[in-house]
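Structure at a glance
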Amino acid sequence: MTPATRAAPRPADLELRYPVGQCNSQGDRMRQGLAFALGYLRNPRRVGAIAPASKALAQAILHEVLRAEPQVLIEVGAGTGAITRALLPALGRVGRFMVIERDPGFAQLLRRSFPDLEVLNHCATRLDALDIDLHAPVTLVSSLPLLSMTREEARGCIDAMVALIETRPGSRLIQYTYASPHLRPFRDIPVGWRWRRAASIWANLPPATVWTLEQASHPSLVHNAVH
Ligand SMILES: C[S@@+](CC[C@H](N)C(=O)[O-])C[C@H]1O[C@@H](n2cnc3c(N)ncnc32)[C@H](O)[C@@H]1O
């Protein structure tokens, strides 16, 4: 087939053609933005944002991840990999780095961009199906748009994330939101746990707040305390 007779690419072909995880050049960033925008058009409620995380947000999340020494790092809702890429320096410090993404197109893109990572095309509600040692401290990084997805899906994802960290001592959940910096990602947290506001990133579009759900270090702390 000559170039003149070749069929025009469909949006689904366009978004799958480029590994975008390396994103070194402006062109790479534009392709990542395009892939993300197409994902948003496919399912706006589930993608929950019109642009990938900024470098500033991704760096703030890396900084928060490196505050602890988890054995297992899991990113849920990795999209086109903007945060995944920023988390690569943590790879040498964790035993395992798993990436969970529900959208098959994004999951395929992530596999091609990060061939050394375990990329699973799973729903976050199925975190219980992962084969993870009960003694391994886990840091879970979530980009899930809990406020825009359906209430049932959000509930299922929250329950699965909390169950994963609650059963493994030393585990934490890092979740960012685009809501008011005073609004915690969700309220029903286990007794003895608290939300800590780790960073506010005004340079992100839209501005984002990074929260960490962790066990309170002192028993006298109120379980919902915000710092
Ligand atoms: C805000 S976007 C992620 C953005 C990503 N951190 C980035 O900056 O490129 C949310 C992602 O969560 C994924 N997602 C939504 N619901 C999910 C679920 N139940 N399980 C796994 N992934 C889910 C969406 O497909 C989307 O890629």
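Now for a look at the structure at hand. On a predicted model such as this, the values are computed, not experimentally measured, just so you know. (Residues numbered from 1 in each chain as written. Predicted model: local features only at pLDDT ≥ 70, side-chain atom pairs only at ≥ 80, totals over all residues.)

**Describing the site of the ligand**
Every one of the 28 residues lining the ligand counts as a neighbour, but Ala53, Gly77, Gly79, Arg102 and Ser143 are closest to it. Contributing elements (two or more residues each) for the shell around the ligand: α3 (44-47), α5 (82-87) and α7 (151-166). When the residues that make up the shell around the ligand are grouped by side-chain class, the tally is 17 nonpolar, six polar and five charged. (Near = placed C-beta within 6 Å. Helix = DSSP H or I, 4+ residues; strand = E, 2+ residues; numbered from the N terminus. Nonpolar A, V, L, I, M, F, W, Y, C, P; charged D, E, K, R; others polar.)

**Comments concerning the sheet that holds strand β7 (residues 208-215)**
Strand order in the open sheet formed by seven strands is β3-β2-β1-β4-β5-β7-β6, and the pairing between neighbours is mixed. This sheet does not close on itself; its edge strands, each paired only once, are β3 (118-120) and β6 (193-201). Direction aside, neighbouring strands of the sheet carry axes that sit 20 degrees apart on average. Where strand β2 (residues 96-100) lies against β3, three bridges are found, and the strand directions are parallel. The residue of β3 that forms the bridge with Val99 is Val119. Contacts from α7 reach β4 (138-142) and β5 (172-177), with the element oriented near 160 degrees to β4. (Pairing = 2+ DSSP bridges. Axes fitted to C-alpha atoms, helices over the stretch in contact; angles between N-to-C directions. Contact = placed C-beta atoms within 7 Å.)

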